Amino acid sequence: APPEPVTFRRDGLPIMRDAAVIAVIAAALAGTLRIVRVDSQTELLASLALWLVSLLVFVVVASRRLRHKKDQLERAPVVTQAIVLLGTVLVLVAILFAMPRGIRIILTVLPVLVPVLITPLAWSILASGFPRRTGTQRVCKFCDYEYTFGYPPETDPTAPPRCPECGKGWLADLAVGVKRSNPRRIAIGGVLVLTAIVIFTVPFWNSRTIRYLPSTSLRMLALSSDTAASAAWDALQPALANYTPEQHQELFEDLLAKRLERPYTITPSQHAYLMQQVTAMPAALQERFYRELIEIKVTRVQSDRLDRTHIAISARHLGAGNATAIARVASVTVAGVEQPIDLVSAWNSMNDAAHFFSPISTFDQPLIISIPVTRQPITVRFRIAIPDRAFYVPRDTSVDPTTSLWIGDDIHELPAN
């Protein structure tokens, strides 16, 4: 009996189960690297080595399963490629998922990885659907009329010199097998090729291409961390004119959430939209918009003086490239009693902690103040202002700015030490 052809359901699925087991083991090992808290460089190198070893194990396991079907695999390259590519992706995604910020890495890698992996498979499926000859019968190469006379043709005088169906000479150039095509494979391969092209070119889309997307898709893309988010936001602007107040509020809240992901996540034009819409928002959203423009961290730090307690203040702004929020230390109290403050270490141009300052964009350079030594809980109150000028140069004063959009307080509690 002729050997059974290789199919993905019968031959590929068992290998996919093996790949899933390998992926789970690899993800568990990659997750262990996070538990033991190795440094990021070591974790990256270890994860890469783990993926290569897991991939090698998968290839060995797959090869052993398919070794006895070598002849059938040569006639089914699409199935072979699908098995290898899907197993490779499964193991890779499992390891990335277990890494810190793994989902973000996956989303970053997929636009390049997916087209690279599916393109050869897509071309194989597409090529296998084009007309090709199958079978062993000899036929006319022009019309596939079957030759039923003696072979070689010159040994049978009854063989007509021309094809009875199309009338063309056929005896000197008979074909083997009837030409067949597979429209289904052509369609599937074509869709996969187009998908690979679209995914690969998404990062290079410009506003001319993006503007043809529906407004719902533009909104989702504009709120994402994709490189095309800025172009999508620009293309969305005409649709914003028709937004209802409820839709503006929903978009406003989404942009606030996006702004907290990291500094400068939102674009200057998105920040300008927030500034434009803030006065139309409910009071709670206005408060959130202003307060979340600045992020302050307060911690105790070791002091080299026995009579002083040192406090480190780190701040960063979450605007769109310029510091629209300013802050100052309004008071430091212990058990309800305000403490005298000394400035230990500060940024350039600061003379004491009571002056307004513009927060820097990272926490690498803290402002350090000191108060008389205490082990009791400490309350640090900041005065925060949002000046109404785009580029505000802090004045050397502890008085609230005369022109500002918002003045508020931010209170931080330090536990007893």
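Bear in mind the structure is a predicted one, so any value in this text is a computation, not a measurement.

Peer 1: Could you give an account of the sheet that holds strand β4 (residues 308-317), with specific residues and numbers?
Peer 2: Taken in spatial order, the 4 strands make up an open sheet running β3-β4-β8-β7, and their pairing is antiparallel. Only two strands of the sheet have a single neighbouring strand rather than two, namely β3 (294-301) and β7 (342-345). Taking the axes of each pair of neighbouring strands and ignoring which way they run, one obtains an average angle of 30° across the sheet. When β7 meets strand β8 (residues 367-372), the two strands line up antiparallel, connected through 3 bridges. In the strand pairing of β8, S345 is matched with I368.

Peer 1: Tell me about the environment of V337, residues and numbers included.
Peer 2: On the secondary structure map, V337 appears in strand β6 (residues 337-338). Take V337: its relative accessible area is 49%, and that puts it in the partly exposed class. Considered as a pair, V337 and T379 are 42 residues apart in the sequence and their alpha carbons are 9.8 Å apart.

Peer 1: Could you give an account of the sheet that holds β6, with specific residues and numbers?
Peer 2: Read across the sheet, 4 strands follow the order β6-β5-β9-β10 without closing on themselves; strand pairing throughout is antiparallel. Only two strands of the sheet have a single partner each, and these edge strands are β6 and β10 (404-414). Where strand β5 (residues 326-334) lies against strand β9 (residues 378-387), 8 bridges are found, and the strand directions are antiparallel. Paired with R328 across the strands is R383, a residue of β9. Sheet strands in contact with helix α12 (residues 283-291) are β9 and β10, and its direction is about 70° off that of β10.

Peer 1: Can you break down a nonpolar patch on the surface residue by residue, with the values?
Peer 2: On the surface, V21, I25 and L29 cluster together into a nonpolar patch covering about 270 Å² of accessible area. By the element assignment, I25 lies in helix α1 (residues 8-35).

Peer 1: Residue-level account of the nonpolar core, with values.
Peer 2: If you look at the biggest cluster of nonpolar residues, it comprises 50 residues, and the most contacted ones within it are I296 and I311. Element by element, the count of residues in this core is highest for helix α9 (residues 229-240), at 6 residues. Residue contacts for I296: discarding those within four places in its chain leaves I313, S314, A315, A327, F382, I384, D410 and H412.

Peer 1: With reference to specific residues and values, describe the pairing of β9.
Peer 2: Within β9, 8 of the 10 residues are buried, leaving the element largely enclosed by the surrounding structure. Pairing of β9 with β10, which is carried by 10 bridges, proceeds in the antiparallel orientation. In the strand pairing of β10, I386 is matched with W406.

Peer 1: Break down the pattern of salt bridges for me, with residues and values.
Peer 2: Taken as a whole and assessed by the stated rule, the structure comprises 12 salt bridges. Of the charged contacts in the structure, one is a salt bridge between E295 and R316, with a shortest N-O distance of 2.9 Å. Residue E295 is found in strand β3, and its partner R316 is found in strand β4; the two are separated by 21 residues along the sequence. The partly exposed category is assigned to E295, whose relative accessible area is 24%. A salt bridge links D409 to R383; the shortest N-O distance between them is 3.0 Å. Taken as a pair, D409 in strand β10 and R383 in strand β9 lie far apart in primary sequence, 26 residues in all. Overall, D409 belongs to the partly exposed group, its relative accessible area being 27%. Connected through shared salt-bridge partners, R328, R381, R383, D400 and D409 make up one network.

Peer 1: I'd like a rundown of the packing of α9 against helix α10 (residues 245-259), residues and numbers included.
Peer 2: Orientation of α9 relative to α10, taken along the N-to-C sense of each, is 165°, at an axis distance of 14 Å. When the interaxial angle is binned, α9 and α10 end up roughly antiparallel. Two packed elements cross with a definite hand, and for α9 against α10 that hand is left-handed. Packed against α9, whose contacting residues are A229, W233 and L240, the element α10 presents H248, L251, L255 and K258 at the interface. In terms of residue class, the contact of α9 with α10 is built from 5 nonpolar, 1 polar and 1 charged.

Procedures and definitions
- Residues numbered from 1 in each chain as written.
- Predicted model: local features only at pLDDT ≥ 70, side-chain atom pairs only at ≥ 80, totals over all residues.
- Heavy atoms only, no water.
- Pairing = 2+ DSSP bridges.
- Helix = DSSP H or I, 4+ residues; strand = E, 2+ residues; numbered from the N terminus.
- Axes fitted to C-alpha atoms, helices over the stretch in contact; angles between N-to-C directions.
- Buried < 20%, exposed > 50% of the residue type's maximum accessible area, 1.4 Å probe, protein only.
- Contact = heavy atoms within 4.5 Å.
- Patch = residues over 30% accessible without salt bridge, like charges linked within 9 Å, V, L, I, M, F, W, Y side chains within 5 Å.
- Areas by Shrake-Rupley, 256 points an atom, 1.4 Å probe, with all protein chains shown as cover.
- Salt bridge = Lys/Arg side-chain N within 4 Å of Asp/Glu carboxyl O.
- Core = buried A, V, L, I, M, F, W, Y, C linked by side-chain atoms within 4.5 Å.
- Parallel < 35°, antiparallel > 145°, perpendicular 65-115°, else oblique.
- Left-handed = near helix turned anticlockwise from the far one by under 90°.
- Nonpolar A, V, L, I, M, F, W, Y, C, P; charged D, E, K, R; others polar.

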